[in-house]
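# Architecture and fold: a report
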Amino acid sequence: MKEISEILKAYSKAKLEEKKTALATVVKVEGSSYRQPGARMLVTEDGQLTGAISGGCLEGDALRKALLAIHQKQNKLITYNTSNEDDAELGLQLGCNGIVHILFEYIDDEQSNNPIQLLQQLELERKEAVIVTVFSLKRNAFQTGTTLFFRNDSPVLNHNDDVLNLIAYAKEVLQTKTSIVKKLQTGNDNEALIEYINPPISLVIAGAGNDVQPLVKMASILGWKITIGDGRTTHTTEKRFPKADKVQTVKSEQFLENSIIDEQTYFVLMTHNYKYDVAVLKQLLETNCKYIGILGPKTKLNRMLDDLENEGIKLNNEQLERIYSPIGLDIGAETSEEIALSIVAEIKAFSAGKTGTSLKYKLGKIHDEVPHEG
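Here we summarise the structure given alongside this text.

The sheet built from six strands is open, its strands ordered S13-S12-S11-S14-S15-S16 with parallel pairing. The strands lining the two open edges of the sheet, one partner per strand, are strand S13 (246-249) and strand S16 (323-324). Sitting on the sheet, helix H6 (residues 274-284) is in contact with strand S11 (202-206), strand S12 (225-230), strand S14 (265-269), strand S15 (292-294) and S16, with an inclination near 155 degrees to S14.

Next up, the structure:
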């Protein structure tokens, strides 16, 4: 979502400046590639790039293709064979051992529900959604492009081709929470990237000390939504946390008031005030929050559990599994910045269903492939 949000901001700026734009989207990958299907890049007519479709190796040629799409005002699909170092057409010696198919879409500001407007739907609600992009690998074929936004049985359409089937596929992806590339049964060799998109991580931090500052900076780089709450008015200021979305002075017993907790909400307790942390933990245990990180040694957690038990609150296994304490991956962190890095890394790994081990020991490919279905 961070990349999409930046693209939307860049588009708004370009539109204000009356600059024409094109959207490049990785729609299919065969073999290895730096970016996977769903990676996007916005290109303006004066050559400004926002987002990325590779590690930098394709962007130069992709810029030229995007400018051509803008000039001709039509969509184009370009295939890059990154496994062929002698590819005379590219001459880039990419060596990534994969084939990358990229769709370039001219953005017509006058067109209703154009690709950018469909992407804008993602920011209207903090809920999961599906974006469908239809393309063809057949030479000189018509490229439909970004055609459907789907959420809550409320489709927003750009084109009406094969609508019922596309909606059925979108519902399937919403259930499985896994993007797919699917061949469409329309007789015209069309395929569709049916992309599952989650809202950004919402990081809620109890604490506004100096060690929270590097955590906020790192989380903001990843595009997470950040809320800070603490009982100290001297600490809860926007000046101290300019990258946070919300900074509030709040009593511990009111910490969760007006809070929205969903699948992408993560809590970190680091006030350095034991009683405050215990009070917030007690509230969180009654919610469906799946990750509660607590800064401090294991002895602190054991003391918290003992105190809660003395109040008649004995945690079950499901509640204990949601608590991550000491918080963070074991990377030998010592300084505030290093601890922040370990916290961000653990939350990112958790959200992706990973354990945070070294890629050196990973069997198979780095990225989970977007499956291709017939």
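From this point on, the discussion continues.
Going through the model one piece at a time under the given rule, you end up with six aromatic pairs. Ring geometry for Tyr266 versus Tyr291: centroids 5.6 Å apart, planes at 55 degrees, classification tilted. Of this pair, Tyr266 sits in strand S14 while Tyr291 is found in the loop between H6 and S15, placing the two residues 25 residues apart along the sequence. The exposure class of Tyr266 is buried, given its relative accessible area of 0%. With relative accessibility at 0%, the residue Tyr291 sits in the buried group. Both rings, one in Tyr291 and one in Phe350, keep their centres 5.5 Å apart while their planes meet at 65 degrees; by these two values the pair is edge-to-face. You can see Tyr291 sitting in the loop between H6 and S15 and its partner Phe350 sitting in helix H9 (residues 336-351), a full 59 residues away along the chain. For Phe350, a relative accessible area of 24% translates into the label partly exposed. Ring-pair connections join several aromatic residues into one group, and the members of that group are Tyr266, Tyr291, Tyr324 and Phe350. A cation sits over an aromatic face here: Arg303 above Tyr274, 3.7 Å from the ring centre.

Bringing the side chain of Ser54 into the picture now. Examined against the element boundaries, Ser54 turns out to sit in the loop between strand S3 (49-51) and helix H2 (59-72). Given the relative accessible area of 6%, Ser54 is considered buried. Of the polar contacts made by the side chain of Ser54, one reaches the backbone nitrogen of Leu58; its length is 3.0 Å. At a separation of 2.5 Å, a polar atom in the side chain of Ser54 contacts the side chain of Glu59.

Take Gln117: it is sitting in helix H3 (residues 115-120). The contacts of Gln117, once residues within four sequence positions are left out, are Gln111 and Ser112. Reaching out from Gln117, the side chain makes a polar contact with the backbone nitrogen of Asn113 at a distance of 2.5 Å.

Let us now look at the packing of helix H5 (residues 212-221) against H9. Where H5 meets H9, the axes come as close as 8 Å, and the angle between the chain directions of the two elements is 45 degrees. One finds that H5 runs oblique with respect to H9. Classified by chirality, the crossing of H9 by H5 is right-handed. Only Ser336, Glu337, Ala340, Leu341, Ile343 and Val344 of H9 make contact with H5, whose side of the interface consists of Pro214, Leu215, Met218 and Ala219.

Another point: the sheet that holds strand S2 (residues 40-44). In space, the five strands of this open sheet follow the order S3-S2-S1-S5-S4, with antiparallel pairing throughout. With one partner strand each, in any of the chains shown, S3 and strand S4 (76-81) form the two edges of the open sheet. Averaged over neighbouring strand pairs, the angle between their axes works out to 25 degrees when direction is ignored. Examined bridge by bridge, S2 and S3 share three bridges and lie antiparallel to one another. Counterpart to Met41 in the pairing with S3 is Gly51.

Attention shifts here to the pairing of strand S10 (residues 190-197). For S10, a buried count of eight out of eight residues is recorded, marking the element as mostly surrounded by other parts of the structure. Side chains of S10 alternate between two faces, with Asn190, Ala192, Ile194 and Tyr196 and Glu191, Leu193, Glu195 and Ile197 buried alike. By the bridge criterion, eight bridges tie strand S6 (residues 129-136) to S10 in an arrangement that is antiparallel. The residue bridging Val130 from the neighbouring strand is Tyr196, located in S10.

For the bond running from Ser325 to Pro326, omega is 0 degrees, close enough to zero to count as cis. The phi angle at Lys73 is positive, at roughly 55 degrees, despite the residue not being glycine. Of note, Lys73 is situated in the loop between H2 and S4. With a relative accessible area of 51%, Lys73 lands in the exposed category.

A few words now on the layout of surface pockets. Approximately 650 Å³ is the volume attributed to the second largest pocket. Those elements giving two or more residues to the lining of the second largest pocket turn out to be S4 and strand S5 (98-107). Top element by residues in the lining of the second largest pocket is S4. It accounts for four residues. Residues belonging to the lining of the second largest pocket are distributed by class as follows: seven nonpolar, 10 polar and seven charged.

Each value, and the rule that gives it
Residues numbered from 1 in each chain as written. Predicted model: local features only at pLDDT ≥ 70, side-chain atom pairs only at ≥ 80, totals over all residues. Heavy atoms only, no water. Pairing = 2+ DSSP bridges. Helix = DSSP H or I, 4+ residues; strand = E, 2+ residues; numbered from the N terminus. Contact = heavy atoms within 4.5 Å. Axes fitted to C-alpha atoms, helices over the stretch in contact; angles between N-to-C directions. Phe/Tyr/Trp six-rings, centres within 6.5 Å; stacked < 30°, edge-to-face > 60°. Buried < 20%, exposed > 50% of the residue type's maximum accessible area, 1.4 Å probe, protein only. Lys NZ or Arg CZ within 6 Å of the ring centre and 35° of its normal. Polar contact = N/O pair within 3.5 Å; in protein donor to acceptor, adjacent residues only side chain to side chain. Parallel < 35°, antiparallel > 145°, perpendicular 65-115°, else oblique. Left-handed = near helix turned anticlockwise from the far one by under 90°. 1 Å grid on protein atoms, 1.4 Å probe; cavity = no way out; pocket = protein on both sides within 12 Å on 5 of 7 lines; lining within 4 Å. Points joined across faces, edges and corners; volume = space filled by probe spheres on them. Nonpolar A, V, L, I, M, F, W, Y, C, P; charged D, E, K, R; others polar.

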